[in-house]
Amino acid sequence: MIVRIMGEGQIDIAEADLDVLNALDSELEAAIAAGDEESFRGRLHDLLDKVRHVGKALPDDSLEPSELILPPADASMDEVREMLGNEGLIPG
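Just so we're clear, the structure is a prediction, and the values are computed from it rather than from any experiment.

1. Points about the pairing of strand β1 (residues 2–5)
Where β1 meets strand β2 (residues 9–12), four bridges bridge the pair, whose relative direction is antiparallel. If you follow Arg4 over to β2, its bridge partner there is Gln10. Where β1 meets strand β4 (residues 68–70), three bridges bridge the pair, whose relative direction is parallel. Pairing of Val3 across the sheet is with Leu68, part of β4.

Structural data, given as structure tokens:
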């Protein structure tokens, strides 16, 4: 699965890693629902760090279509809330 982190580039994620990413996504959603800015910031960074860790960065000149688009690390809670779909940032 090809994921784009806004402002960073594309990362190829194995299907086997989606469960752990979904768990982090659920924690991020809970922080947003609670309006907890500190927890939101930590969970967003945790999610993005995990994507970077388990994924393989694609070359900058790669033109693969992105299946998911994730917000940048400095996104606001409102910006991320707008990006959330029915299944969060990472559908599972």
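There's plenty left to go through after this.
2. What to know about helix α1 (residues 18–34)
Helical geometry note: an α-helix holds 3.6 residues per turn, so side chains three or four residues apart project in the same direction. With 17 residues, α1 extends 24 Å between its outermost C-alpha atoms, agreeing within 8% with the 24 Å of an ideal straight helix rising 1.5 Å per residue. By the burial criterion, the buried members of α1 are Leu18, Leu21, Asn22, Leu24, Asp25, Leu28, Ala31 and Ile32. On its buried face, α1 sits against α2 (37–54) and α3 (77–83).

3. Things to note about the sheet that holds β2
Strand-to-strand pairing in sheets goes through backbone hydrogen bonds, with the strands running parallel or antiparallel. The four strands lie next to each other as β3-β2-β1-β4, forming an open sheet whose pairing is mixed. With one partner strand each, in any of the chains shown, β3 (56–57) and β4 form the two edges of the open sheet. Sitting on the sheet, α2 is in contact with β1, β2, β3 and β4, with an inclination near 135° to β1.

4. A look at the environment of Glu37
Take Glu37: it is sitting in helix α2. By relative accessible area, which is 40% here, Glu37 ends up partly exposed. Along the chain, Glu37 and Leu18 lie 19 residues apart, while their C-alpha atoms are 25 Å from each other.

5. Remarks on the pattern of salt bridges
According to the stated counting rule, one finds six salt bridges in the structure shown. For Glu27, the salt bridge identified is with Arg43, shortest N-O distance 3.8 Å. One end of the pair, Glu27, is in helix α1; the other, Arg43, is in helix α2, with 16 residues separating them in the sequence. Judged by its relative accessible area of 39%, Glu27 is partly exposed. Here Glu37 ties to Arg41 by a salt bridge, and the two come within 3.3 Å at their closest N and O atoms. With Glu37 and Arg41 both in helix α2 and four residues apart, the pair spans about one turn of that helix. For Arg41, a relative accessible area of 25% gives the class partly exposed.

Cut-offs and rules
- Residues numbered from 1 in each chain as written.
- Predicted model: local features only at pLDDT ≥ 70, side-chain atom pairs only at ≥ 80, totals over all residues.
- Heavy atoms only, no water.
- Pairing = 2+ DSSP bridges.
- Helix = DSSP H or I, 4+ residues; strand = E, 2+ residues; numbered from the N terminus.
- Expected span 1.5 Å × (residues − 1).
- Buried < 20%, exposed > 50% of the residue type's maximum accessible area, 1.4 Å probe, protein only.
- Contact = heavy atoms within 4.5 Å.
- Axes fitted to C-alpha atoms, helices over the stretch in contact; angles between N-to-C directions.
- Salt bridge = Lys/Arg side-chain N within 4 Å of Asp/Glu carboxyl O.

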